[in-house]
Protein chains: 2
Amino acid sequence: MKRYVFGTPIETEAVLDKPQVEESAITALRILDDERFPLSFGLDLSDEDIVYGLGENVRGINKRGWLYTSKNADDPVHDEGKHSLYASHNFILVSGAKHVGFFFDTPGEVLFDIGYNHYDKLVVSLVDPDVEVYVIEGDSDLDVIHEFRKLIGKSYRAPKWAFGYGQCRWSYMTSDEVRDVVRKHREAGIPLDMLYLDIDYMDSYKDFTLNPQTFADFDQLVAEMKEQKIHLVPIIDAGVKVEEGYDFYEEGKKNGYFCKDENGEDFIVGVWPGDCCLPDMLNDEAREWFGNGYKFLLDKGIDGFWNDMNEPALFYSKKHLGEVTAQLGALLSGKLDINGFFGFKDTLEHISNNEEDYKSFYHNYKGQKLRHDKVHNLFGYYMTRSASEAFKRLVPEREVLMFSRSSYIGMHRYAGIWQGDNKSWWSHLLMNLKMMPSLNMCGFLYTGADLGGFGDHTTEDLMIRWLSLGIFTPLMRNHSALGTRFQEVYQFDAVEKMKGIIQLRYRLIPYLYQAYEKAINEDTMMFYPLGMVFPEDETARRVEDQLLVGDDIMIAPVYEQNAVARHVYLPEEMTCLRFRGAELIEKTVLPQGHHYVEMPLGEVCIFVRNGHMLQLAENAQSVADLDWDNLTFV
Amino acid sequence: MKRYVFGTPIETEAVLDKPQVEESAITALRILDDERFPLSFGLDLSDEDIVYGLGENVRGINKRGWLYTSKNADDPVHDEGKHSLYASHNFILVSGAKHVGFFFDTPGEVLFDIGYNHYDKLVVSLVDPDVEVYVIEGDSDLDVIHEFRKLIGKSYRAPKWAFGYGQCRWSYMTSDEVRDVVRKHREAGIPLDMLYLDIDYMDSYKDFTLNPQTFADFDQLVAEMKEQKIHLVPIIDAGVKVEEGYDFYEEGKKNGYFCKDENGEDFIVGVWPGDCCLPDMLNDEAREWFGNGYKFLLDKGIDGFWNDMNEPALFYSKKHLGEVTAQLGALLSGKLDINGFFGFKDTLEHISNNEEDYKSFYHNYKGQKLRHDKVHNLFGYYMTRSASEAFKRLVPEREVLMFSRSSYIGMHRYAGIWQGDNKSWWSHLLMNLKMMPSLNMCGFLYTGADLGGFGDHTTEDLMIRWLSLGIFTPLMRNHSALGTRFQEVYQFDAVEKMKGIIQLRYRLIPYLYQAYEKAINEDTMMFYPLGMVFPEDETARRVEDQLLVGDDIMIAPVYEQNAVARHVYLPEEMTCLRFRGAELIEKTVLPQGHHYVEMPLGEVCIFVRNGHMLQLAENAQSVADLDWDNLTFV
């Protein structure tokens, strides 16, 4: 492993225990002369090279053939034309004749042209020239990943109950609705461990408050849920509402804990509560203060949180909205021609998450005033870190579940992530699968996607197929957006099929949790692309729709609507375990090679590797009821 | 075949020679009692049933599991969440134990719930209760399709040269740029027959004009292109610019040929030229007049057109924009809270293609005043018909290429369609494939998608793979949008690979054109789902990513980035012909069953059916140079 320093990098604390700086010039990458960027690196790719990495991003397990940017984005449209999602995970691994990993540690914007402009060229360009570059050469992909993971430190360990099934909706509006959803699961015998609260549990979307009308009996609700072995998991947003008399805001304002504009005034942005301030998560004192905010809910017995809107998402800034309003007024009072009309549309489309807004406020980081865009990609990381550090201070004995929308490498030590506001699209089921190993490489082990899809309307068959993948991901959550079809599994004709699949999840938890713990303890992966485990097998290296999960099993989910079977490639002899719901109905030994495997709706196939075993628990309605000692080995 | 009439349907002229009305009640469908709609039909589906049809729409060849609407839409985002594209093709075919086709002939909105709310229910709901329903039972899918196609009349026949390769861009801005693009193809030996002109060839986007600066030498350009065997194919938009002194507008205004508002005034909408009127394409006289407009270009030797923006697309209506402006002014002058902000965004998002606008103007159709939304889905059809009828009047001897963005069944007799403003997405390559048989069923044989993708940035590998599919589609056009990466094949490192693939297209034209002509003459398909040809083969019935093309060959394109091989299912023994570019490099007989076939970039595999042959021409630079008599039979 070699560490190179260019310029004066802003410390990200992604790496805590740094190797010595390499004195000689970098040789693993060419420094390119590209006038558009202050610093660019290049590498030639051969046709055989696969480029893994980038954690949370669009497209394939093999990232070749696209331009990716590290620029945390609040963008719910995860289509093939996008270049970023909510995170910046600047680690890539070039796998071919050699195995070389590169980590570009900088909180600024990075562009990864991985065979986009030229299929045989990798070009990494930095918007700011200050960066630490780590180069890791190894004998295998897994070697390189292992070294990288050791470098960035142990991944967050979620409690066992966080491997249960969770139900969410934007939003369950009252405590009675929460009770009703739980009751419907319990009555139907659908296992459940978590019930998530989206933004409407709060009073006017104010952090660390409760809606006094709709969640007046919150303490009682928590107690009832506990009795039913249900963990309530509320959302926490990054922005703090500007409201006189709102304690948390007043405290932040008084102490100067909010991000400031260039004149030193609190920078006002619009998010769910309306006008808000952004806590300066990068400031040590402010971070401690924000973390202490969670005490309000910890004191009520809450032991799980999800942090949202922490790219940070800005619907508008007050300043920019004022300017736009004035512009529009002038424009609309005149005669609008077609160019005026498109100018008008363009202005409006850029009100939210506006580039200029991100350049208009400042942090106080380690005593330095830093403009936000220079450290943009750290915001969600440091918000989540503030909470994690608070949990250790405030409830050191409590195991707390936490995951975040935005992240940067380093945050993996403090929490998991979910894959953001996806949609009820079959392509997003496949993207869910593809992101798992990419995230694992970058240290994010507790992760998963919103099953059934968050935006747009789901369908029954998509729900079934997505559950059939989701039973393998550490975070298994069904979540849907306001205005979309309700998708709790009891809403569907095929509830029994779905229930069976969720039951199978519980039978798998002992296997999954040990694979997860092993990946933490040994700094390795839980989800592997086939090519990392069978590197000599050229066919395995190209498989983008199957994964190895832990050391013992392989999965090959269906991700095509109306399919009743799919092709599966076995890099070695495996035993296909066929489950109908939670019940094992068939064991078939299949030889190495290509197979066309029947996979009707409601059936799940698990491929057990030759000489390996899968342990299965008995059914249970919650993780607390799982009998970890009474396992069947198949 | 049975014809049922409900209410007083508006004549669409989709069917010219109608069978007698069935006197007895409809039995093939249940009439449902659904208070949301004035008329709904229902049918139970078994697990085995496949539902084909709906022509141009999203999702699979098998349409089960989604809600589709017939409501022609100007929407360039063809993602899985959409319910309509640019066309309404109300023909579906339920294929299982029985084979039954249903055509719902109405110009109004129709909803097809094909197993969306309940996977085992088909529900067709009509917003207006006036409809002619045709029920066609047959012994096979192809029987039903044949009967339906006979019912709706012979499909449009494109000239042979329209099977050449075409290059387009929004826009080539000058006649010299056009010359340059053609020269670069010719110099590199890349075959080319068509060069498309997007909106900038016009003077201020006015129909039937030329830009006097940038296309001053248009006559000379046409002559030069003719010499080079290139057909120039200009775009024609539906809206006519409001401008005093612009002859075509003045003529339309004087004669009352434009759509009117409720007060009988011309309804003003914003499209590319700014304020426009919409010709009343449904009015016989106006239709004749609009068609005569093409004379301006026909007289210059033009023999190809594409009709666009004919859903019709409305960026805004003048009336609605005025109202919005006033609302926004009031809103923005007050204190904007978060609800105000979202209301504001919502208002703005609905300025274009606004529902209320479509209810605010009127047609004069066969002497009847009809509100636009009642006949919305006919607009593009009648625009295109107006041109086709004009060609027959004005240049009866000339074979004219024409295709349209918007369509309805019936228009297939007058022109082809392209699959609209797709994007440079791998999923849209697959959608291109899936739409081919659906369109063929509905009579649309001359069709294809924008190769490489119109919106978003393409990649070299996507371009290669898309060309490898596009060589089989009658319309083979490379087209890209303003602001996206240039994607003429000479722009890429891999130009030689792309050139070879385009050369292979020319070698295939004799085969493709005979398959196309046969599909016209015999009222059958050119692109078949495997299940229609091998109905007893349950595996074939589920294949969604391979097609039979004509009677002799099967295709199985690669649609996954970085794939170097793919699974292919052969319903019978076939010979795999492997081409590297235009050269046949390998013939392999493969047995019936599943295969994993290597498909590196630049190679194309064609599977020839057992006992069949593929004829191949010699390479040529244009269709005019093709030697149709000197064919090699493989």
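Note that the structure is a prediction, hence the values are computed from the model and not measured.

Engineer: For the overall build of chain A, give the residues involved together with the corresponding values.
Structural biologist: When helices and strands are counted, chain A shows 16 helices and 37 strands. Against the globule reference of 26 Å for 634 residues, chain A gives a C-alpha radius of gyration of 24 Å, in line with a compact fold. Along the longest, intermediate and shortest principal axes, the C-alpha atoms of chain A span 70 × 65 × 55 Å. For chain A, with 634 residues in total, the buried portion stands at 68%. For chain A, long-range pairs separated by at least 24 residues make up 73% of all intrachain contacts whose partners lie at least 6 apart in sequence. In the structure as shown, chain A presents an accessible area of about 20,900 Å², 48% of it carried by carbon and sulfur atoms. Measuring between centres, the 64 positive side-chain charges of chain A sit 1 Å from its 101 negative side-chain charges.

Engineer: If you had to explain the environment of D176(A) to someone new, which residues and values would you point to?
Structural biologist: All names here are of chain A. Tracing the backbone shows D176 in helix α2 (residues 175-188). Measuring from C-alpha to C-alpha, the distance between D176 and F215 comes to 8.5 Å, with 39 residues separating the pair along the chain. Only 2.8 Å separates the side chain of D176 from the side chain of R179, close enough to count as a polar contact.

Engineer: I'd like to hear about the interface of chain A and chain B, residue by residue, with values.
Structural biologist: Chain A puts 54 residues into the contact, and the matching count from chain B is 54 residues. Overall, the association of chain A and chain B removes approximately 5,000 Å² of surface from exposure, summing both partners, and the carbon and sulfur fraction of that is 56%. Summed over the shared surface of chain A and chain B, the number is 0 salt bridges. One can count 28 residue pairs in polar contact (both at pLDDT 80 or more) joining chain A with chain B. At the level of secondary structure, the elements contributing two or more residues to the side of chain A that touches chain B comprise β17 (274-277), α7 (318-333), α8 (338-349), α12 (426-441), α13 (460-470) and β34 (593-598) of chain A. Looking at which element gives the most residues to the side of chain A that touches chain B, the answer is α8(A), with 6 residues.

Engineer: Summarise the relation of the copies chain A and chain B; cite the residues concerned and give the values.
Structural biologist: Superposition of the two copies of the chain requires a rotation about an axis and a shift along the axis. The two copies are related by a screw motion: chain A maps onto chain B through a turn of 180° and a shift of 0.0 Å along the axis, at an RMSD of 0.0 Å. The superposition operator between the copies reduces to a two-fold rotation axis. Closest approach to the rotation axis among the C-alpha atoms of chain A is made by G329(A), whose C-alpha sits 3.1 Å away. Taken as a fraction of all interface residues of chain A, those also at the interface in chain B reach 100%, which identifies the copy contact as same-surface.

Engineer: Report on the sheet that holds strand β35 (residues 603-609) of chain B, specifying residues and quantitative values.
Structural biologist: Residues and elements named next belong to chain B. Pairing is antiparallel across the open sheet formed by 6 strands, whose spatial order is β28-β29-β30-β35-β32-β33. Here the strands that pair on one side only, and so sit at the sheet edges, are β28 (527-528) and β33 (583-590). Where β28 and strand β29 (residues 547-549) come together, 2 bridges link them in antiparallel fashion. Along β29, the bridge assignment pairs Y528 with L548. The strands touched by helix α14 (residues 495-521) are β29, β30 (553-555), β32 (574-580), β33 and β35; relative to β35, the strand with the most contacts, the crossing angle is about 20°.

Engineer: How would you summarise the confidence of the model for chain A if you had to cite specific residues and measurements?
Structural biologist: Looking at chain A, pLDDT values average 97 and 100% of them are 70 or higher. Under the prediction, the complex receives an ipTM of 0.96, its pTM being 0.97.

Engineer: Residue-level account of the side chain of Q546(B), with values.
Structural biologist: All names here are of chain B. Among the secondary structure elements, Q546 is positioned in the loop between α16 (538-541) and β29. Polar contacts involving the side chain of Q546 include one to the side chain of R566, which spans 3.5 Å. Only 2.8 Å separates the side chain of Q546 from the backbone nitrogen of Y569, close enough to count as a polar contact. Discounting chain neighbours no more than four positions away, the residues touching Q546 are L433, L530, M554, I555, A556, R566, H567, V568 and Y569.

Engineer: Go over α13(A) with me, naming the residues and quoting the values.
Structural biologist: For α13(A), the tally of buried residues reaches 11 of 11 residues, placing the bulk of the element in the interior. Taken together, the buried positions of α13(A) are occupied by E460(A), D461(A), L462(A), M463(A), I464(A), R465(A), W466(A), L467(A), S468(A), L469(A) and G470(A).

Engineer: Got a sec to walk through helix α3 (residues 218-227) of chain A? Specific residues and values, please.
Structural biologist: All names here are of chain A. Within the span of α3, buried status applies to F218, L221, V222 and M225. Looking straight down α3, one finds that the buried residues subtend no more than 100° of arc, so they occupy a single side. Buried residues along α3 sit against α2, β13 (194-197), β14 (231-237) and α6 (295-298). Remark: K229 follows α3 within two positions and exhibits a positive phi of approximately 60°.

The rules behind these values
- Residues numbered from 1 in each chain as written.
- Chains lettered and ligands numbered in written order.
- Predicted model: local features only at pLDDT ≥ 70, side-chain atom pairs only at ≥ 80, totals over all residues.
- Heavy atoms only, no water.
- Helix = DSSP H or I, 4+ residues; strand = E, 2+ residues; numbered from the N terminus.
- Rg over C-alpha atoms; globule rule 2.2 N^0.38 Å.
- Buried < 20%, exposed > 50% of the residue type's maximum accessible area, 1.4 Å probe, protein only.
- Contact = heavy atoms within 4.5 Å.
- Areas by Shrake-Rupley, 256 points an atom, 1.4 Å probe, with all protein chains shown as cover.
- Lys, Arg positive; Asp, Glu negative; His and termini not counted.
- Charge placed at Lys NZ, Arg CZ, Asp CG, Glu CD.
- Polar contact = N/O pair within 3.5 Å; in protein donor to acceptor, adjacent residues only side chain to side chain.
- Buried area = accessible area lost by both parts, 1.4 Å probe.
- Salt bridge = Lys/Arg side-chain N within 4 Å of Asp/Glu carboxyl O.
- Least-squares fit on C-alpha atoms with pLDDT ≥ 70 in both.
- Pairing = 2+ DSSP bridges.
- Axes fitted to C-alpha atoms, helices over the stretch in contact; angles between N-to-C directions.
- pLDDT = per-residue confidence, 0-100.
- Arc of directions from axis to C-beta.

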